[in-house]
Amino acid sequence: MGRCTPGPQSKDGVMNPIPFHQLPHMLYADPQGRIFEHPYFRMAGFSGAEPAPITEGDLMELPEFSKLFFIPDCPPVGLDPETGAWEVIPHIELEGKVTPLNAVAAFLEPGLVRTHLPAADYGRKGYTLPMWAYTAVGFRHGAYWAAGFQIEKNHKWDPRNYDDRDLVLAIREYERNQVTGPLVEHLKACATRNHCFAAKNLFLGRWEAPLPISRTCNAACLGCLSLQPQGSCEASHQRLSFTPSTEEVAAVAVRHLTHAPEPIVSFGQGCEGEPLTEWRLICDSIRRIREQTRQGTINLNTNGSRPEQIRKIAESGLDSIRISLNSALGERYHRYYRPKDYRFADVVASIRVCQEQGLYTMLNYLIFPGITDQADELEALGGLIDKTGINFLHLKNLCIDPAYYLQKMSGTGAAGMGMRCLVNLLQKEFPEVELGYFNQPVQRASSV
Ligand code: SF4
């Protein structure tokens, strides 16, 4: 599937590594979590478990709605600008005291692809980090610089377009005039407590809104956002504890589809299990919605585990689908999803059914530098796209503890080609497949 040739202005967009002295300074945090730039060592970034060169194409000024974290008990790894060697920096003399150092990481705004993981020594870490997409970050010319690049610019998911002062008023307005019920109550909490943009959109009456419906799941993902086993980290979302009625689902959806600009309603959210476990509710809801309106897009975010149920949902009037996977290699997929009653082959069969049914088909590729950009992974993904045909590939930074994921995944030894190189090769090899980050509004011509 081709390869990238680095060069100053190479046509592959993959540039030469940045000269050591021009790299941003390494960041570290003291035990109180206060963040400082190191006076000497430069920023480093990991691909998988190893340091990897950072090129100009890999660096961007950290956008303001990103987050900064420190990683307790994990000293940073920095680059010595004189020798080019990567070194673990366990402590520093700070305010006259020898202070142990903690690594620092960023979590990028939506729409950006992370190119490097934080450079840290996880050897003494005795806990699992919560689910964020930890990214390498440094400091240069008075600003934070992160290892990433933009894959999709979309005003509908731009944090600058979400002002909670508008939201509070919008929720009051919605309560006065619209549908009420347990689903709306749940979505109010999602919008105000979990800051879910899709839930905010429901009340703000625009773009993509959520329709969570499932309490259970037929997989046990290592990085599940709504359910984490005892002894792991806390789940970032409270999983739905009830099954909404078809009436409420349809009422919420019809209201949104008939009033919102560029409306999408999506089954399958971070705050629920697997929506296919409620496929009958989905079919009944879609039929009830389409009896009342033909407007907008009805979408399903899913693990794609049950091809025959997806066929029935498509026949009931679904417009688009987004199937998530961390790998196009079955063995690696099973290690992450830990499926209970299906195999990767079922997911592949589902993608085929989606194309047969004329659904706008998106893959939600959960990407991780050092694994996703390995040659065998790219080969497998290429084969999957060739075999099934898809319309859109989401490149979503996988939110998980890097050390935990690497420990669980197989074949982590092979070097990655770099995330930019991966994107360039995909664009060259599959020009018909759109690459991005967000669900797209589509209207299926043949909607029943
Ligand atoms: S498929 Fe979704 S709900 Fe199920 S375990 Fe994975 S992330 Fe969680």
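Scroll up a little and you will see the structure.
Residues numbered from 1 in each chain as written. Predicted model: local features only at pLDDT ≥ 70, side-chain atom pairs only at ≥ 80, totals over all residues. Heavy atoms only, no water.

Undergrad: So what exactly am I meant to see when it comes to the site of the ligand here?
TA: With respect to spatial proximity, the complete set of residues near the ligand consists of Cys 217, Ala 219, Ala 220, Cys 221, Cys 224, Arg 239, Glu 272, Gly 273 and Asn 303. Split into classes, the residues belonging to the shell around the ligand amount to five nonpolar, two polar and two charged. (Near = heavy atom within 4 Å. Nonpolar A, V, L, I, M, F, W, Y, C, P; charged D, E, K, R; others polar.)

Undergrad: So what exactly am I meant to see when it comes to the nonpolar core here?
TA: Among soluble globular proteins, nonpolar side chains are generally buried collectively. Counting residues in hydrophobic clusters, the biggest one holds 100 residues, and the most contacted among them are Phe 203, Tyr 336 and Leu 393. For this core, the two domains that each supply at least three residues are domain 1 (10-150) and domain 2 (155-436). Setting aside its immediate chain neighbours within four residues, Leu 393 contacts Leu 363, Tyr 365, Leu 381, Leu 426, Val 433, Glu 434, Leu 435 and Gly 436. (Core = buried A, V, L, I, M, F, W, Y, C linked by side-chain atoms within 4.5 Å. Buried < 20%, exposed > 50% of the residue type's maximum accessible area, 1.4 Å probe, protein only. Domains from an automatic or database assignment. Contact = heavy atoms within 4.5 Å.)

Undergrad: Would you mind going over the pairing of strand 21 (residues 392-397) with me for this structure?
TA: If a strand is regular, its side chains alternate between the two faces of the sheet. For strand 21, a buried count of six out of six residues is recorded, marking the element as mostly surrounded by other parts of the structure. Burial along strand 21 is two-sided: Phe 392, His 394 and Lys 396 and Leu 393, Leu 395 and Asn 397, pointing in opposite directions, are all buried. Handedness of the crossover joining strand 20 (residues 360-367) and strand 21 through helix 9 (residues 375-388): right-handed. Sheet analysis places strand 21 next to strand 22 (residues 434-436), joined by three bridges and oriented parallel. From the neighbouring strand, His 394 faces strand 22, where its bridge partner is Gly 436. (Helix = DSSP H or I, 4+ residues; strand = E, 2+ residues; numbered from the N terminus. Right-handed = clockwise from strand over helix to strand, strands pointing away. Pairing = 2+ DSSP bridges.)

Undergrad: Is there a simple way to think about the packing of aromatic side chains in this case?
TA: When we look at a pair of aromatic rings, we describe it by the centre distance and by the angle of the planes. Across all of its chains, the model carries 17 aromatic pairs by this definition. Considering the side-chain rings of Phe 107 and Trp 132, the 4.8 Å spacing of their centres and the 75° angle between planes classify their relative orientation as edge-to-face. Taken together, the residues Phe 107 in strand 11 (residues 103-107) and Trp 132 in the loop between strand 13 (117-118) and strand 14 (137-140) connect sequence positions 25 residues apart. Aromatic ring contacts, followed pair by pair, group Tyr 333, Tyr 336, Tyr 337, Tyr 342, Phe 344, Phe 368 and Tyr 405 into a single cluster. For the cation-ring pair, Arg 206 lies above Tyr 162, with the distance from its terminal atom to the ring centre recorded as 4.5 Å. In this arrangement the basic side chain of Arg 420 is found over the ring face of Phe 149, its NZ or CZ atom lying 4.5 Å from the centre. (Phe/Tyr/Trp six-rings, centres within 6.5 Å; stacked < 30°, edge-to-face > 60°. Lys NZ or Arg CZ within 6 Å of the ring centre and 35° of its normal.)

Undergrad: Is there a simple way to think about the sheet that holds strand 21 in this case?
TA: Backbone hydrogen bonds are what pair the strands of a sheet, in a parallel or an antiparallel way. Strand order in the open sheet made by the seven strands is 16-17-18-19-20-21-22, with parallel pairing throughout. Every interior strand has two partners, whereas the edge strands, strand 16 (208-210) and strand 22, have only one. On average, adjacent strands in this sheet sit at an angle of 25° to one another, irrespective of strand direction. Two strands pair when backbone bridges link them, and strand 16 and strand 17 (residues 264-267) are joined in this way by three bridges, in the parallel orientation. (Axes fitted to C-alpha atoms, helices over the stretch in contact; angles between N-to-C directions.)

Undergrad: Even after reading the chapter, I still don't get the sheet that holds strand 13, so can you show me in this structure?
TA: The sheet built from three strands is open, its strands ordered 4-3-13 with antiparallel pairing. Each of the sheet's edge strands pairs with one partner strand only, and the pair in question is strand 4 (50-51) and strand 13. Two strands pair when backbone bridges link them, and strand 3 (residues 45-47) and strand 13 are joined in this way by two bridges, in the antiparallel orientation. If you follow Gly 45 over to strand 13, its bridge partner there is Pro 118.

Undergrad: What am I meant to see in the packing of helix 5 (residues 279-292) against helix 6 (residues 307-316) here?
TA: To characterise two packed helices, one gives the angle between the axes of the helices and the distance between these axes. For the pair helix 5 and helix 6, interaxial distance at closest approach is 8 Å and the crossing angle is 10°. Overall, the two elements helix 5 and helix 6 adopt an arrangement that is roughly parallel. For the pair helix 5 and helix 6, contact is made by Trp 279, Ile 282, Cys 283, Ile 286 and Arg 287 and by Gln 309, Lys 312, Ile 313 and Ser 316, respectively. Grouping the amino acids of the contact of helix 5 with helix 6 by side-chain chemistry returns five nonpolar, two polar and two charged. (Parallel < 35°, antiparallel > 145°, perpendicular 65-115°, else oblique.)

Undergrad: What am I meant to see in the environment of Val 179 here?
TA: Relative to the elements of secondary structure, Val 179 occurs in the loop between helix 1 (164-177) and helix 2 (182-192). Along the backbone, Val 179 and Val 249 are 70 residues apart, and their C-alpha atoms lie at a distance of 9.6 Å.

Undergrad: Which parts of the structure should I look at to understand helix 2?
TA: For the α-helix, the turn length of 3.6 residues means that residues three or four positions removed from each other point alike. Turning to helix 2, its buried residues number three or more, namely Leu 183, Val 184, His 186, Leu 187, Lys 188, Cys 190 and Ala 191. In this structure, the buried side of helix 2 is in contact with helix 1, helix 3 (197-204), strand 16 and helix 4 (246-259).

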